[in-house]
Amino acid sequence: MSTQEGHRISAEEVLALWTEYRQSGDRSLRDRLVLTFAPMVKYIVYKKIREIPARCDVEDFISCGLEALIRSIDRYDPSKGATLEQFAWTRIHGAVLDELRRHDWAPRSLRRWERDISQARERFIALHSRRPSREELADLVGLTPEQLRAQLDDIAVADVGSLNSLVAGSEDGVLERIDLLTSSDRESDPEQASTLGEAKERFRDAFQRLPDRERRVAVLLYVQNMTLREVGEVLGVSESRVCQIHTQLRRTLRTTLDQDAALFSDVA
């Protein structure tokens, strides 16, 4: 913790400043505490920035964190044993998570299913060195194959990055899912055609910036339609390692293209 002058403030000094504020009610003292912990607010928000929808302003989340910081200063009780920094961290982090959930159109129950299914799949791969079948995965999460399929369909619909996912293409290279979108109005709408072309160009540029190994994994999986095991044999790595590379490239693409979410939404 540090002030604007760069002096690092100890927990004891913070407690003394907070105690003086509680006794006097002097807002300038509270403002000093807010300035002391403001960098922590930004740190928490920017740690979560990859999960912030592109349509949202990061400054809104910082404002939300600052409001939580002010509330935590007013509600802090040192007799509980935590320092003000610890108490504020918990409240700010919780407020940012709540704000993220508020901006997520998918219900929390669906996100829990997404997490549970993903964790079950990863555990199976680690144990058996192969991906589970639909029936095996369904059994792991306590669903029927039909119920699992329905959950996966709902998750896919809620996935912001679904239009950016790679699909099997021609011999010329990788296609993205957006290449396969069709509409009878697009050819007659120059503005829409221009937007679609720009979206494709943004995706191709993001794909070209991936590390060589990630691009190669994508081509082997989605163009040559290889299994994870086959890709691992080509690269000389384990199937689980291929799965990790695949997860990383999807995360990288989604993060890179997140700022263009509105553009992709326009061509959806």
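Residues numbered from 1 in each chain as written. Predicted model: local features only at pLDDT ≥ 70, side-chain atom pairs only at ≥ 80, totals over all residues. Heavy atoms only, no water.

1. So, unusual backbone geometry
- Phi at Ser129 takes a positive value of approximately 60°, unusual for a residue other than glycine.
- Note that Ser129 resides in the loop between helix H5 (108–128) and helix H6 (134–141).
- The exposure class assigned to Ser129 is partly exposed, which follows from its relative accessible area of 41%. (Helix = DSSP H or I, 4+ residues; strand = E, 2+ residues; numbered from the N terminus. Buried < 20%, exposed > 50% of the residue type's maximum accessible area, 1.4 Å probe, protein only.)

2. Details of the packing of aromatic side chains
- What the rule picks out here adds up to three aromatic pairs.
- Put simply, the rings of Trp18, Tyr76 and Phe87 touch in pairs and so form one group of aromatic residues. (Phe/Tyr/Trp six-rings, centres within 6.5 Å; stacked < 30°, edge-to-face > 60°.)

3. Quick notes on the pattern of salt bridges
- Considering all chains together, one arrives at four salt bridges under this definition.
- Asp74 is the salt-bridge partner of Arg30, the closest N and O atoms lying 3.4 Å from each other. You can see Arg30 sitting in helix H2 (residues 27–47) and its partner Asp74 sitting in helix H3 (residues 58–75), a full 44 residues away along the chain.
- The exposure class of Arg30 is buried, given its relative accessible area of 12%.
- We note a salt bridge from Asp212 to Arg215, for which the minimum N-O separation is 2.7 Å. (Salt bridge = Lys/Arg side-chain N within 4 Å of Asp/Glu carboxyl O.)

4. Describing the nonpolar core
- Membership of the largest hydrophobic core comes to 27 residues, with the highest contact counts inside it found for Leu33, Val45, Leu69, Ile73, Leu84 and Ile92.
- Among the elements that make up this core, the one with the highest residue count is H2 (eight residues).
- Contacts of Ile92, omitting those with residues within four sequence positions, involve Met40, Val41, Ile44, Gly65, Ala68 and Leu69.
- Of all hydrophobic cores here, the second largest spans 18 residues; its members include Phe207, Leu210, Leu249 and Leu257. (Core = buried A, V, L, I, M, F, W, Y, C linked by side-chain atoms within 4.5 Å. Contact = heavy atoms within 4.5 Å.)

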